[in-house]
Number of protein chains: 4
Amino acid sequence: MTIPAPLTGVVPPVCTPLTPDREVDVASLHRLLDHLTAAGVHGLFVLGSTSEAAFLTDRQRELVVAETVRHAGGRLPVLAGAIDMTTPRVLERVAAVAAAGADAVVVTAPFYARTHPAEIARHFRLVAGASPVPVLAYDIPSAVHSRLPAGLVLDLAAEGVLAGLKDSSGDLGSFREVVTGARTRPDITGFSVLTGSELFVDAAFALGADGAVPGLANVDPHGYVRLDRLCRTGDHPRARTEQERLCALFGMVHVGDPARMGPSSSAIGAFKAALHLRGVIACPATAEPQVPLSAAEVERVGKFLAAAGLLQSRSTGTRRNPRVS
Amino acid sequence: MTIPAPLTGVVPPVCTPLTPDREVDVASLHRLLDHLTAAGVHGLFVLGSTSEAAFLTDRQRELVVAETVRHAGGRLPVLAGAIDMTTPRVLERVAAVAAAGADAVVVTAPFYARTHPAEIARHFRLVAGASPVPVLAYDIPSAVHSRLPAGLVLDLAAEGVLAGLKDSSGDLGSFREVVTGARTRPDITGFSVLTGSELFVDAAFALGADGAVPGLANVDPHGYVRLDRLCRTGDHPRARTEQERLCALFGMVHVGDPARMGPSSSAIGAFKAALHLRGVIACPATAEPQVPLSAAEVERVGKFLAAAGLLQSRSTGTRRNPRVS
Amino acid sequence: MTIPAPLTGVVPPVCTPLTPDREVDVASLHRLLDHLTAAGVHGLFVLGSTSEAAFLTDRQRELVVAETVRHAGGRLPVLAGAIDMTTPRVLERVAAVAAAGADAVVVTAPFYARTHPAEIARHFRLVAGASPVPVLAYDIPSAVHSRLPAGLVLDLAAEGVLAGLKDSSGDLGSFREVVTGARTRPDITGFSVLTGSELFVDAAFALGADGAVPGLANVDPHGYVRLDRLCRTGDHPRARTEQERLCALFGMVHVGDPARMGPSSSAIGAFKAALHLRGVIACPATAEPQVPLSAAEVERVGKFLAAAGLLQSRSTGTRRNPRVS
Amino acid sequence: MTIPAPLTGVVPPVCTPLTPDREVDVASLHRLLDHLTAAGVHGLFVLGSTSEAAFLTDRQRELVVAETVRHAGGRLPVLAGAIDMTTPRVLERVAAVAAAGADAVVVTAPFYARTHPAEIARHFRLVAGASPVPVLAYDIPSAVHSRLPAGLVLDLAAEGVLAGLKDSSGDLGSFREVVTGARTRPDITGFSVLTGSELFVDAAFALGADGAVPGLANVDPHGYVRLDRLCRTGDHPRARTEQERLCALFGMVHVGDPARMGPSSSAIGAFKAALHLRGVIACPATAEPQVPLSAAEVERVGKFLAAAGLLQSRSTGTRRNPRVS
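The structure displayed is predicted, hence computed values, not measured ones.

Draft legend 1. Up close: the packing of helix 6 (residues 150-158) of chain C against helix 7 (residues 172-184) of chain C. Residues and elements named next belong to chain C. For the pair helix 6 and helix 7, interaxial distance at closest approach is 9 Å and the crossing angle is 25 degrees. In this view, helix 6 runs roughly parallel relative to helix 7, as classed from their interaxial angle. Crossing of helix 6 over helix 7 shows right-handed handedness. From helix 6, Ala150, Gly151, Val153 and Leu154 reach across to helix 7, where they touch Ser174, Glu177, Val178, Gly181 and Ala182. Here the residues of the contact of helix 6 with helix 7 are counted per class, giving 5 nonpolar, 3 polar and 1 charged.

Draft legend 2. Summary view of unusual backbone geometry. The step from alanine 5 of chain B to proline 6 of chain B runs through a cis peptide bond, and the omega angle for that step is 0 degrees. With respect to the secondary-structure elements, proline 6 of chain B resides in the segment before strand 1 (9-10). The linkage connecting glutamate 288 of chain D with the following residue, proline 289 of chain D, adopts the cis geometry, with an omega of 5 degrees. Topologically, proline 289 of chain D is positioned in the loop between helix 11 (263-277) and helix 12 (295-307). Positive phi values are uncommon outside glycine, yet leucine 47 of chain A reaches one of about 65 degrees.

Draft legend 3. View of the nonpolar core. By size, the foremost hydrophobic cluster in this structure holds 484 residues, and its most contacted members are Met252 of chain B, Met252 of chain C together with Met252 of chain D. With near-sequence residues (within four places) excluded, methionine 252 of chain B lies in contact with Leu216, Val219, Ala270, Phe271, Ala274, Val301, Phe304 and Leu305 of chain B.

Draft legend 4. Local environment of the interface of chain A and chain C. Tallying the contact residues gives 19 residues for chain A and 18 residues for chain C. Of all residues in chain A, Arg176, Arg240 and Glu244 of chain A give up the largest surface area on contact with chain C, accounting jointly for 38% of the area buried on that side. The tally of links between chain A and chain C comes to 4 salt bridges. A salt bridge links aspartate 202 of chain C to arginine 176 of chain A, with the nearest nitrogen and oxygen atoms 2.7 Å apart. Across the chain A-chain C interface, the total number found is 8 residue pairs in polar contact (both at pLDDT 80 or more). When residues of the side of chain A that touches chain C are traced back to their parent elements, those giving at least two are helix 7 (172-184), helix 8 (201-206) and helix 10 (236-250) of chain A. Its residues placed into classes, the side of chain A that touches chain C shows 7 nonpolar, 6 polar and 6 charged.

Draft legend 5. Molecular detail of the relation of the copies chain B and chain A. Once turned by 180 degrees and shifted 0.0 Å along the axis, chain B lies on chain A with an RMSD of 0.0 Å. Accordingly, the operation relating the two chain copies is best matched by a two-fold axis. Looking at the interface residues of chain B, 100% of them are also at the interface in chain A, so both copies use one shared face.

Draft legend 6. Local environment of the state of the cysteines. The final tally for this structure, using the stated rule, is 0 disulfides over all chains. The thiol of cysteine 231 of chain D is not disulfide-bonded; the next cysteine sulfur, from cysteine 247 of chain D, is found 12 Å away.

Draft legend 7. Structural detail: the interface of chain B and chain A. Each side of the interface is counted separately: chain B has 47 residues, and chain A has 47 residues. Buried surface at the junction of chain B and chain A, both sides included, amounts to about 3,900 Å², of which 59% is carbon and sulfur. When the area that chain B buries against chain A is broken down by residue, the three leading residues are Arg89, Tyr112 and Pro289 of chain B, summing to 20%. With a closest N to O distance of 2.9 Å, aspartate 58 of chain B and arginine 89 of chain A form a salt bridge. Elements that contribute at least two residues to the side of chain B that touches chain A include exactly helix 2 (58-72), helix 3 (87-99), helix 4 (117-130), helix 5 (141-144) and helix 11 (263-277) of chain B. Among the elements that make up the side of chain B that touches chain A, the one with the highest residue count is helix 4 of chain B (5 residues).

Draft legend 8. How the structure looks around the pairing of strand 7 (residues 192-195) of chain B. Residue and element names in this part refer to chain B. Burial of strand 7 is two-sided: the residues Ser192 and Leu194 facing one way and the residues Val193 and Thr195 facing the other way are all buried. As defined by bridge partners, strand 6 (residues 164-167) adjoins strand 7 across 4 bridges and the pair is classed as parallel. Bridge pairing in strand 7 places glycine 164 opposite serine 192. Following the backbone out of strand 6, through helix 7 (residues 172-184) and into the adjacent parallel strand 7, one traces a crossover that is right-handed. Pairing of strand 7 with strand 8 (residues 211-212) involves 2 bridges; the strand directions are parallel.

Rules used in this analysis
Residues numbered from 1 in each chain as written. Chains lettered and ligands numbered in written order. Predicted model: local features only at pLDDT ≥ 70, side-chain atom pairs only at ≥ 80, totals over all residues. Heavy atoms only, no water. Axes fitted to C-alpha atoms, helices over the stretch in contact; angles between N-to-C directions. Helix = DSSP H or I, 4+ residues; strand = E, 2+ residues; numbered from the N terminus. Parallel < 35°, antiparallel > 145°, perpendicular 65-115°, else oblique. Left-handed = near helix turned anticlockwise from the far one by under 90°. Contact = heavy atoms within 4.5 Å. Nonpolar A, V, L, I, M, F, W, Y, C, P; charged D, E, K, R; others polar. Core = buried A, V, L, I, M, F, W, Y, C linked by side-chain atoms within 4.5 Å. Buried < 20%, exposed > 50% of the residue type's maximum accessible area, 1.4 Å probe, protein only. Buried area = accessible area lost by both parts, 1.4 Å probe. Salt bridge = Lys/Arg side-chain N within 4 Å of Asp/Glu carboxyl O. Polar contact = N/O pair within 3.5 Å; in protein donor to acceptor, adjacent residues only side chain to side chain. Least-squares fit on C-alpha atoms with pLDDT ≥ 70 in both. Disulfide = S-S within 2.5 Å. Pairing = 2+ DSSP bridges. Right-handed = clockwise from strand over helix to strand, strands pointing away.

Here it is in structure tokens:
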């Protein structure tokens, strides 16, 4: 399907459920897609950072896209990350995920090699020139160690190179510059400006963002869909209350002991533990070399769910999913 | 062949010659391998950063390894980088380059995802557990944005996980800790400690390093082989003079205008321009999205070669290679 | 006077006007204070980063505080930065600015020496223990190269160590955690949470911030006072329009050529050029070793002012201040 | 006295002994100076990072310089740090330490404010223009978060702005560029190139460095003086053995628990604990907000001393200093 221009609303970066031996768990992926779709999300973004794209082989990535596209059945647009180091490798990933049915691709600046803004621009131009589907830029400095300057994003939008931006920089000032520029520049139309934040989606919508791509929407899609609706109807007090509930829930990403694991093991481990506790996925395993949460850490995830009203009875939840590890 | 334990001497990180349309130029690769071998280097390292591994597709990478192994014909050990983001992807790259004939693989810490030292250790254990050939660690914080602590490297050496270290951190203090530890710890034998520096190979040898992997050895392999020999015979004054000549030559990596390109475009562009001017490779192209050197910048590369005594007559040199761009 | 708990509204970080030979220009400082007061600001923050505190000698700093306190005459609370490297030096600065009449002090984490969160906590406890006036924490990672974790700020608030936070981190998620914690934790009362952003003051107010400390409020205090009022009355559409006008005006901070100067020379140079063009201060000089804006760059500042409706006629403006350099 | 041009040999960055209530312990400072002088060091550097300059008030700093100059009595040149944020503040510090008798000042790039290389050059020109004594540049990116490019240092040397460089960057390649440039450029004479490393002084001397400023020379000045002599006589094998002994001793800087303190608390705490255990200083206290070493951590410092042959009998050592905490 053609992605809307702009794409609006809640577009969860879909977790990739794994089996205990780290293969894609297709049945759990289907359940997760149903869980998101039933909540009313507006699109699906697979193979982003929350999807552990960096940890999946090319074969696994293509399986995820194909299964998601097939399961979505044209009801929702499917965006797919094409995460790789440089232009020639990204071009291969773009071709592969487009062939697997993705409606748009999401591409970062080059990484591993240090790149100049001129090289980043060249990268996006080459990728967009060869991509059969629209290209969104993915600004994620924590992973790629460079920023996409707002002016560059807007110029590439005006050129027709970029169809949108997924901003995971945390920098609302620069994000706003893109939002305002996309709205006011006469040479830009239909450009999708999406925030990757979990914590200030209300603010992003208030200043004009088109959509949100919050990892936590895997755990509580209903919350973010509600938040989106409250923002669109201008019900600021209730939007803020909903956002604050989600901020509290997001605290789960810190359950992992920083003496034992990195932030990815903790955050993605928490999301998957929550999906497991909620009965959505069969196994909370994260990909190697991430470190699994301990039983006590998983229990703390359960408490976050309970506090947010997402777990009727924790004992029931864990009984339903005996494979919690 | 089995790589020596430890591997000693000069092991150039072999540039990957490309055609004007960015395919691997196998004939030029063969000439480059001959150029290095004739100079007396002690091993070959393909698919490192200087090889533009981050810019090559998997198919191109495997071609480079297979051609290098075939051309080396068992006369020199061939190490191959297995550069990818995380364990599952690195495992695939390790299998592929080993199948293509590499005698050892060189593996970085995970990147893109932020990792904890415990996760880095887990990564190397899993990779080594599955690798059919010895694994060397590649410490390159400028690319992966984390360091390999000396203590971790030594512990993994003692466990038999790591067979060596290629250190491109620039941190001689930490490098020395590995060198001294590898020599003095009774639980470590045959561990190869290799510096990635161009600028203080003499110092690294003086403190006990086994070998060097300088990118500039593509351009002047005779110089580094001479330097290695002078260091081994304890001729410190002449070693220092040779090293200083090579330091001056290394200045070529800065020819590229920093307002127009990043450090990789400039450095690898300079190495390839030099190889082209010296008549070794047919085309100086670097991979996308790197920016090519201008004619004036290439001319400055020629001046560095001339000053180092590596270009009898620049006009002859350029006449031999009419495709300089 | 006692500062309000919490302090609310617009609290400009007051620029420090200098003479051409880099002494404090007291007459211009008075005019600037009048300009701010007449616009209806709610407090004054001297000796912050926008005040070039890092560039002022201790004698100059004390003069700025004393003159500001005297000129404010108790009509507005005066906060003063006590910017120095470590606890013993900050303690001296706190004593000095309190003696000069400051109603509260604003203190960063230690810098130059690398510090652990436990050392940062110890620092604030020691400073607050010895300060005769309330202490606000200043989170400015671009200057001090460490962050103040939200949890630490809240714990020090609950302990009575900190009376408030001035957040210049740009990280709205963490800022929100402090805002929400200060509102909901029963052990915290009267804590002032102030954003240092120019670009999303509307968002900060919407999520519950008490006040804003935008450097650009030197140039356009009326705009920020208006924005504050629109936010408090819940007039979101007009607040957003006002904020967007201020965002456009803020573009002036980039007028300086990045090949010739750093971000401080450009941003503070632009604020001072604007104040000079508006006839508020007599000389736009910034402190050494900052580089002055060129005439063409100053002219671009004038265009930003004109576009924001802040300069009736640029020629009149420059005629009134013949010392523009 | 006039400092030698170039200054050669071992120039310890002198620790600042403190009393339990964090005043300068002048008697201990005298004993430390005697300890260093008796070992044969070639100069004294006070108010550097190892001296906790960032933690001392201006009054304390001037006391340290005056006491050191008086106690040295012209037998050794005294260099003094003038560590402050920007030009106007550094100018005051330079005047103060020169008035207190320092023979040369050591000055970093500006910090806190982010600075451009052009602003750094301007800073050094202004400082040198006003300094009554020679100015050495202090390259310490871990503290000031910018680098001094080798080319800039050499140009300022040729201009007569800089009399030397104290390099604490850890980057031996860039250090070598300064060493070689200072030796070979005809427009530079008498420039002192000093390494701040503890771990590769032998390598620095081998490539032509004039001197070394190792913090560990407080603990074992005899070792570094011996190392200097062995390097100058070309006795490479024994120089390396001595350097390796010192590298092992340097391991003490890591005794502090990183969960409880930062690197400065650990390293300076270890040096002071060692000086206390060796009976040189009366109290091992470090300045606030640094965290003291635990008794167990101090015990580990003692083991490092014993292993290096610097503590005949640890029980005797501790008996002599009953105030170990």
